[in-house]
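# A structural walkthrough
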Amino acid sequence: MVVKLNAIKREDLTKSATKEIRRSGKIPAVVYGKDKESKSVAIDSIALVKTVRDEGRNAIISLEVENDGAVDVMLHDYQIDPIKDQLIHADFYVVNMSEEMDVAVALRLDGEAQGSKDGGVLQQPLYEIQVRAKPGSIPEEIAVDVSALKVGDSLTVADIPTEGSYEILDEQETTIATVVPPTTEEDFESDTDGNAEPELVGADKEDKE
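In this text the structure is predicted, and so the values were computed from the model without any measurement.

### Notes on the overall build of the protein
Of regular secondary structure, the protein possesses five helices and 13 strands. Within the span of the protein, comprising 209 residues, buried residues form 33% of the whole. Across the protein, the fraction of contacts at a sequence separation of at least 24, relative to all contacts at a separation of at least 6, is 63%. In the structure as shown, the protein presents an accessible area of about 13700 Å², 46% of it carried by carbon and sulfur atoms.

### Structural notes on the sheet that holds strand β13 (residues 175–180)
Pairing is antiparallel in the open sheet, where three strands are placed in the order β8-β13-β11. In this open sheet, the two strands that pair with only one neighbour each are β8 (121–123) and β11 (154–156). Ignoring which end each strand starts from, the neighbouring axes of this sheet average 5° apart. When β11 meets β13, the two strands line up antiparallel, connected through three bridges. Looking across to β13, one finds that Leu155 is bridged to Ala177.

### Looking at the pattern of salt bridges
What the rule picks out here adds up to eight salt bridges. Residue Lys9 is joined to Asp68 by a salt bridge in which the shortest nitrogen-to-oxygen separation is 3.9 Å. One end of the pair, Lys9, is in strand β1 (residues 2–9); the other, Asp68, is in the loop between β4 (60–65) and β5 (69–81), with 59 residues separating them in the sequence. Look at Lys9 and you get partly exposed, because its relative accessible area is 36%. Note that Asp68 and Lys39 form a salt bridge whose closest N and O atoms lie 2.4 Å from each other. Residue Asp68 is found in the loop between β4 and β5, and its partner Lys39 is found in strand β3 (residues 36–44); the two are separated by 29 residues along the sequence. Taking relative accessible area as the criterion, Lys39 reaches 34% and is therefore assigned partly exposed.

Conventions we followed
- Residues numbered from 1 in each chain as written.
- Predicted model: local features only at pLDDT ≥ 70, side-chain atom pairs only at ≥ 80, totals over all residues.
- Heavy atoms only, no water.
- Helix = DSSP H or I, 4+ residues; strand = E, 2+ residues; numbered from the N terminus.
- Buried < 20%, exposed > 50% of the residue type's maximum accessible area, 1.4 Å probe, protein only.
- Contact = heavy atoms within 4.5 Å.
- Areas by Shrake-Rupley, 256 points an atom, 1.4 Å probe, with all protein chains shown as cover.
- Pairing = 2+ DSSP bridges.
- Axes fitted to C-alpha atoms, helices over the stretch in contact; angles between N-to-C directions.
- Salt bridge = Lys/Arg side-chain N within 4 Å of Asp/Glu carboxyl O.

Everything listed is a geometric property; what it means functionally is a separate question.
What follows is the structure in structure tokens.
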């Protein structure tokens, strides 16, 4: 689904103008793409955050730039103020809806692994999958059922169901989920013994002296 957002052109790129934009509830942004001239714009920060939250990071956005028509874009990058935890800048990449592109898609594990019920610990070493697809076919996320996993079992990229018009680019043998045995008190004591501090060289000699 294509989401529509409005943007206004930024002619004044000074710091004072940028501060005024942020005070008005908007953020500065850049729109660019292959063989496209970059444009400086401003966009409503709340509308953008809501779009990403509701539609996902890879949502196709029809960006209506003031007096310049609409252009299909994806959110390519963004910056967050680490102190205020607020969105302060965004980069949009112009996409060609008929050409494939490579993007990262969130990986979600569904279900409760049987191994977890038996006391094991489910681990997820991979949280994103690289896929190649046309913009309109990029999934919001990819879900994998882990219900059948027992202690010692694992799933790899090869086990991901191939639904939809996209190609997974990650290596097939890459582990995406595994159930490891629970750590016992004996294991902890064994690790502690193995990490005992080494005896200081020359300590005995000093004691004898």
